[in-house]
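# Analysis of the macromolecular model
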Amino acid sequence: MPLLFPKRVKYRKAHRGKRRGAAKGGTSLAFGEFGLKALENGWITAAQIEACRVAMTRAMGQGGKTWIRIFPDKPVTVHGQEKPMGAGKGMVDHWVAVVKRGRILFEADGVHGLLARDVMRMAASKLPLRTRMVQRRDGSATA
């Protein structure tokens, strides 16, 4: 499966932006029984999301279902090695998802708690951020 990126974008290149503050939405479980929540701010690349998806689906085997709650919609540009200053903004190199603390990154359902913990641990090991597994209890998500 190819890496995630938008089909169309309004603007080809984007500013870097600020990586501070807490998530405004997507902070509670919406689909599954278990989830992986970000504890700090940062960027997650499309390759890292794909690595998490592969690790989760392999660890779960036949049973269970996973949801990816983030999407890489921000282009990151890079310059060539020997470009002089003032040569303009570089070409788009890869795509990232901007993640704020408190955001649910992945969800899983249809597996036992011990297996879910292993699945989320494997996914967390592929990410550059600190995360925590959350579990739904009595209709609400708890940390």
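Note that this is a predicted model, so its numbers are computed, not measured. (Residues numbered from 1 in each chain as written. Predicted model: local features only at pLDDT ≥ 70, side-chain atom pairs only at ≥ 80, totals over all residues. Heavy atoms only, no water.)

### Quick word on the overall build of the protein chain
Scanning the protein chain from N- to C-terminus turns up two helices and eight strands. Taken from N to C terminus, the helices and strands of the protein chain fall in the order β-β-α-β-β-β-β-α-β-β. By principal-axis analysis of the C-alpha atoms, the protein chain measures approximately 55 × 30 × 25 Å. Relative to its 143 residues, the protein chain shows a buried fraction of 31%. Considering only residue pairs separated by 6 or more positions, the protein chain has 80% of its internal contacts joining residues 24 or more positions apart. Here the protein chain displays about 9,200 Å² of accessible surface, and carbon together with sulfur accounts for 51% of that area. The centroid of the 28 positive side-chain charges in the protein chain is displaced by 8 Å from the centroid of its 10 negative side-chain charges. (Helix = DSSP H or I, 4+ residues; strand = E, 2+ residues; numbered from the N terminus. Buried < 20%, exposed > 50% of the residue type's maximum accessible area, 1.4 Å probe, protein only. Contact = heavy atoms within 4.5 Å. Areas by Shrake-Rupley, 256 points an atom, 1.4 Å probe, with all protein chains shown as cover. Lys, Arg positive; Asp, Glu negative; His and termini not counted. Charge placed at Lys NZ, Arg CZ, Asp CG, Glu CD.)

### Description of the sheet that holds strand β4 (residues 74–78)
Within the open sheet, the three strands sit side by side as β2-β5-β4. Their pairing is antiparallel. At either margin of the open sheet sits one strand with a lone partner, and together these are β2 (42–45) and β4. Each adjacent strand pair in this sheet contributes to an overall mean axis angle of 50°, direction not counted. Pairing geometry for β2 and strand β5 (residues 91–99), over four bridges, is antiparallel. Residue pairing for β5: Ile 44 is matched across the bridge by Ala 97. Those strands touched by helix α1 (residues 46–60) are β2 and β5, and its axis lies near 65° from that of β2. (Pairing = 2+ DSSP bridges. Axes fitted to C-alpha atoms, helices over the stretch in contact; angles between N-to-C directions.)

### Quick notes on the pattern of salt bridges
On inspection of all chains with the given rule, the structure shows four salt bridges. One salt bridge connects Arg 121 with Asp 118, and the closest N-O pair in it is separated by 3.7 Å. Taken together, the residues span about one helical turn, with Arg 121 and Asp 118 both in helix α2 (residues 113–124) at a distance of three residues. Residue Asp 118 is classed as partly exposed on the basis of its relative accessible area of 36%. (Salt bridge = Lys/Arg side-chain N within 4 Å of Asp/Glu carboxyl O.)

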